[in-house]
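Commentary on secondary and tertiary structure
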Amino acid sequence: MSEKNNAVNICMITDDNYIMPTSVAICSMTANKGPEDYVFYIITSNLSEESEKKFKSFERDGVTVNIVREDAEKRFNGLHSFRKDSICVASLSALLKFIIADLFPQLDRILYLDGDLIVEDDLLELYNTPLGDNYAAAVLDISKLYWKSDFNSCVENYFNSGVMLLNLKKMREDRLSEVLIETKRNLADSSLMDQNVFNIVFDKKAVMLPLIYNFQSLGLDRAGSKWGIDDVNAFFGTKYKSKAQLFDDARIIHYASKNKPWKEPDAAHAYRWNHYRTALFGSEEKQTEKYAVSVLIEGCDGADETIRSIREGAKEKAEIILISDENAAKDAPDADKVISGGKNALTEAISKAAGRYVCVLNAGDRMLPGAIDRLCSVCLENSLDAAIFEADRDIEKQRTEPYTQIYAGEQLFALMQIKNELPRRRCEFFAKRAFLIRMGVAEPVGQADNERLFIYKLLTRAERVTVLTGAMCDAAERNESASHAQAEIRQALGVLMNEYVLYGERSDFASAVFNHAALLCREYCDAAKTDADAADKDTLLLCSFTAAAAERDALCRYTTKQYRELDFRLNKAYREKSEINEKLQRTYAEKSEKTAEINRLKKENQRLRRYSAYPILRRIKRLFK
């Protein structure tokens, strides 16, 4: 196991509980590595030879796997006190980190990685970080942003021990393996397995790495209300403009929490972990459709550029359907099918599509390289009904908040409506074709196709939907006539009024529907500024919608319910206050009685001292001396 020149040496530790996650982590690293060699040193604790062979199967040109056998139970038995209330989720195997420097005397440095992470970039730049006379390079623990403890406050830079570039040469010189073990032995705290020990021993001898190299997404997402992007920028010295940009920038995503992605597949960024799990073990869902995706292009002007971007950028098999006037489509470029434009054209195109998923674009839009592959993978691996993505021209309007989970459609609609971040175009959706047909999403209301209703119905009817960060499409500029916009909005308002009545019992969703309708009313006013009659109609529409909303008492009932809950809590607080006052009065009475007794005893003591023979006897004793 001699050290290779220009190789990235990576150390991981696993036992029976972490074979699968560690394998997924290795899969992510090998998928994103550069031309340099990766040399893995897998320290196994009591694994069978069959299990170890699974790690050896990763070997190929540029990838070497070395198995190192160690018995953590035997070596560290009794060194850690397990408690039910502890936040520690690691096993004793994690303590094998303490002896890494001694296990690999031939290496000067090594990159240690936990098994509950994925790597989405080459590791060479991280591996070549200058260490100087320091013991390690690591990333500040993100928990310090929203949670303070005795340990993360007592050292200068409290770091997370799940990603550490270790200076093995310096550690051996200072015999740190012994120091780490002895520190653990003398440490009364058992909240974490190894992290507190490393921070105590490495204090002021560790280089701090950028956050992207150990992005602890689960903790950040769970504590989202306790921090802002300015807090992150101040803490890490970064310049992120939004939380969404922060989450998208991660190179190593570390699932450092009890909520692991293999246990909770809808947790933050779990879909990104699931991509590598599926790549490694395959998907249970088999594809029966002829194509992975059917791309529906509306219009002919610029369609050649749109089709070229799909053909060149998609490794997945893509079917292209052009929706346009047949005369204009005669000179259309390489399309698999042409659907005559007009009423119900989109519904017809979806029904005739042969792809598992559907993406609707306007002529002139361009899908970016790799976008269709990524969309297909994420939707297939996570059994999604739909995925929302960003268009490149909207880069200055990027979402401020990250949507990192898999949501029910109505839940996501309410969240995005509050933040005014709802998609405005069909080209920002990627959806399962069977879902669109089953839910009637593509069926036009009235006499013409309605893009606004398509978006609303697709989002709110989906059972599983997520929002992907990063631009997937460069959307072309599109002009919409005022009359067409007004017709669409009038139809949409009619549906939203019915939906509000139907879902009035569910106050959060009903409120989101109401606010969305109000937004459409304002949009209608803007479109009708040059049309006095249309403006009058808009006023009537807005008034009728407001009246319909007023007739419903859902919000009133919701407010009443909230009032009752607050009133109950207030009365409970008053009762508790009365009980405390009664106890306080009893305490004061007892205090008065005790004070009176003390005064009585003092007087009795003074009287006894005055008439006691004890002072006379003491004087006699002094005389005899």
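Residues numbered from 1 in each chain as written. Predicted model: local features only at pLDDT ≥ 70, side-chain atom pairs only at ≥ 80, totals over all residues. Heavy atoms only, no water.

1. Some remarks on the overall build of the protein
When its secondary structure is counted, the protein shows 25 helices and 17 strands. Buried positions account for 49% of the 625 residues belonging to the protein. Considering only residue pairs separated by 6 or more positions, the protein has 78% of its internal contacts joining residues 24 or more positions apart. In the form shown here, the protein has an accessible surface area of approximately 31,500 Å², with 49% of it arising from carbon and sulfur atoms. (Helix = DSSP H or I, 4+ residues; strand = E, 2+ residues; numbered from the N terminus. Buried < 20%, exposed > 50% of the residue type's maximum accessible area, 1.4 Å probe, protein only. Contact = heavy atoms within 4.5 Å. Areas by Shrake-Rupley, 256 points an atom, 1.4 Å probe, with all protein chains shown as cover.)

2. Things to note about the packing of helix H1 (residues 19-32) against helix H13 (residues 270-281)
Between H1 and H13, whose axes approach to 9 Å, the crossing angle comes to 95 degrees. The orientation of H1 with respect to H13, classified from their angle, is roughly perpendicular. On the side of H1, the interface is formed by Met-20, Ser-23, Val-24, Cys-27, Ser-28, Ala-31 and Asn-32, while H13 contributes Trp-273, Tyr-276, Arg-277, Ala-279, Leu-280 and Phe-281. Class assignment for the residues of the contact of H1 with H13 results in nine nonpolar, three polar and one charged. (Axes fitted to C-alpha atoms, helices over the stretch in contact; angles between N-to-C directions. Parallel < 35°, antiparallel > 145°, perpendicular 65-115°, else oblique. Nonpolar A, V, L, I, M, F, W, Y, C, P; charged D, E, K, R; others polar.)

3. Focus on the packing of aromatic side chains
Between two aromatic rings, the relevant description is the distance of the centres plus the angle of the planes. For the structure shown, the criterion picks out 14 aromatic pairs. Between the aromatic rings of Tyr-38 and Phe-40, the centroid separation amounts to 6.2 Å while the plane-to-plane angle is 75 degrees, which identifies the pairing as edge-to-face. We note that Tyr-38, like Phe-40, is buried. For the cation-ring pair, Lys-33 lies above Tyr-38, with the distance from its terminal atom to the ring centre recorded as 5.3 Å. Looking at Lys-243, its charged tip hangs above the ring of Trp-227, at a distance of 4.1 Å from the centre. (Phe/Tyr/Trp six-rings, centres within 6.5 Å; stacked < 30°, edge-to-face > 60°. Lys NZ or Arg CZ within 6 Å of the ring centre and 35° of its normal.)

4. Digging into the sheet that holds strand S15 (residues 386-391)
Pairing in this open sheet of eight strands is mixed, and the strands run S12-S11-S10-S13-S16-S15-S17-S14 from one edge to the other. Taken across any chain shown, the strands that pair with only one partner, and hence form the sheet edges, are strand S12 (337-340) and strand S14 (366-367). Relative to strand S11 (residues 318-324), strand S10 (residues 291-298) is paired through six bridges, and the arrangement is parallel. Paired with Glu-298 across the bridge in S11 is Ile-323. Seen against the sheet, helix H18 (residues 409-418) touches S15 and strand S17 (465-474) and runs at an angle of roughly 60 degrees to S17. (Pairing = 2+ DSSP bridges.)

5. Quick word on the pairing of strand S2 (residues 37-44)
Within S2, seven of the eight residues are buried, which leaves it mostly tucked inside the rest of the structure. Bridge count for strand S1 (residues 7-14) against S2 is eight bridges, and the pairing is parallel. The residue of S2 that forms the bridge with Thr-14 is Thr-44. Taken together, S1, H1 and S2 constitute a β-α-β crossover, and its handedness is right-handed. Bridge count between S2 and strand S3 (residues 63-69): seven bridges; the pairing is parallel. Residue pairing in the sheet places Val-39 in a bridge with Thr-64 of S3. For the crossover that starts at S2, traverses helix H2 (residues 49-56) and ends in the parallel S3, the hand is right-handed. (Right-handed = clockwise from strand over helix to strand, strands pointing away.)

6. Details of the sheet that holds strand S4 (residues 109-113)
Spatial ordering of the open sheet is given by S3-S2-S1-S4-S7-S6-S8, a layout of seven strands whose pairing is mixed. Each of the sheet's edge strands pairs with one partner strand only, and the pair in question is S3 and strand S8 (206-208). Strand-to-strand twist in this sheet, taken as the mean axis angle between neighbours without regard to direction, amounts to 25 degrees. One ladder, built from five bridges, connects strand S6 (residues 136-140) with strand S7 (residues 159-167); its direction is antiparallel. Paired with Leu-140 across the bridge in S7 is Phe-159. The strands touched by H1 within the sheet are S1, S2, S3 and S4, with S1 carrying the most contacts at an inclination of about 165 degrees.

7. Notes on the pattern of salt bridges
Summed over all chains, the structure comprises 23 salt bridges. Of the charged contacts in the structure, one is a salt bridge between Glu-298 and Arg-426, with a shortest N-O distance of 3.0 Å. Residue Glu-298 is located in strand S10, and its partner Arg-426 is located in the loop between H18 and strand S16 (429-432); the two are separated by 128 residues in the primary sequence. Look at Arg-426 and you get buried, because its relative accessible area is 5%. Via salt bridges that share partners, Asp-133, Lys-170, Asp-174 and Lys-205 belong to a single interconnected network. (Salt bridge = Lys/Arg side-chain N within 4 Å of Asp/Glu carboxyl O.)

8. Quick word on H1
Residues separated by three or four positions in an α-helix point in the same direction, a consequence of the helix having 3.6 residues per turn. Helix length check: H1 (14 residues) gives 20 Å between terminal C-alpha atoms against 20 Å at 1.5 Å per residue, within 8%. Along H1, eleven of the 14 residues are buried, which leaves the element largely enclosed by surrounding structure. (Expected span 1.5 Å × (residues − 1).)

9. Points about the side chain of Glu-451
Looking at where Glu-451 falls in the secondary structure, it is placed in helix H20 (residues 451-461). What makes Glu-451 buried here is its relative accessible area of 7%. Non-local contacts of Glu-451, meaning those with residues more than four positions away in its chain, are made with Arg-425, Arg-426, Arg-478 and Glu-488.

10. Examining the nonpolar core
Ranked by size, the top nonpolar core spans 57 residues in total, and within it Ile-10, Met-29, Phe-40, Leu-113, Leu-123, Leu-246 and Ile-252 carry the most contacts. Here the element with the most residues in this core is H1; it accounts for six residues. Those residues in contact with Leu-246 that sit more than four places away from it in its chain are Leu-211, Phe-215, Leu-220, Trp-227, Ile-229, Val-232 and Tyr-240. Ile-339, Ile-388, Leu-422 and Phe-509 belong to the second-largest nonpolar core, a separate cluster that totals 49 residues. (Core = buried A, V, L, I, M, F, W, Y, C linked by side-chain atoms within 4.5 Å.)

11. Comments concerning helix H17 (residues 371-381)
The element H17 is largely enclosed, with a buried count of nine among its eleven residues. Inspection of H17 places Ala-371, Ile-372, Asp-373, Leu-375, Cys-376, Ser-377, Val-378, Cys-379 and Glu-381 among the buried residues, and these make up the whole buried set. Backbone geometry just after H17 places Ser-383 at a positive phi near 50 degrees.

12. Comments concerning the environment of Tyr-38
One can find Tyr-38 in strand S2. The exposure class assigned to Tyr-38 is buried, which follows from its relative accessible area of 0%. Note: C-alpha distance between Tyr-38 and Leu-123 (85 residues apart in sequence) is 9.1 Å. Tyr-38 has contacts with Val-8, Ile-10, Met-29, Lys-33, Gly-62, Val-63, Thr-64, Asp-122 and Leu-123, leaving out every residue within four places of it along the chain. Side-chain polar atoms of Tyr-38 contact the backbone nitrogen of Leu-123, separated by 2.9 Å. (Polar contact = N/O pair within 3.5 Å; in protein donor to acceptor, adjacent residues only side chain to side chain.)

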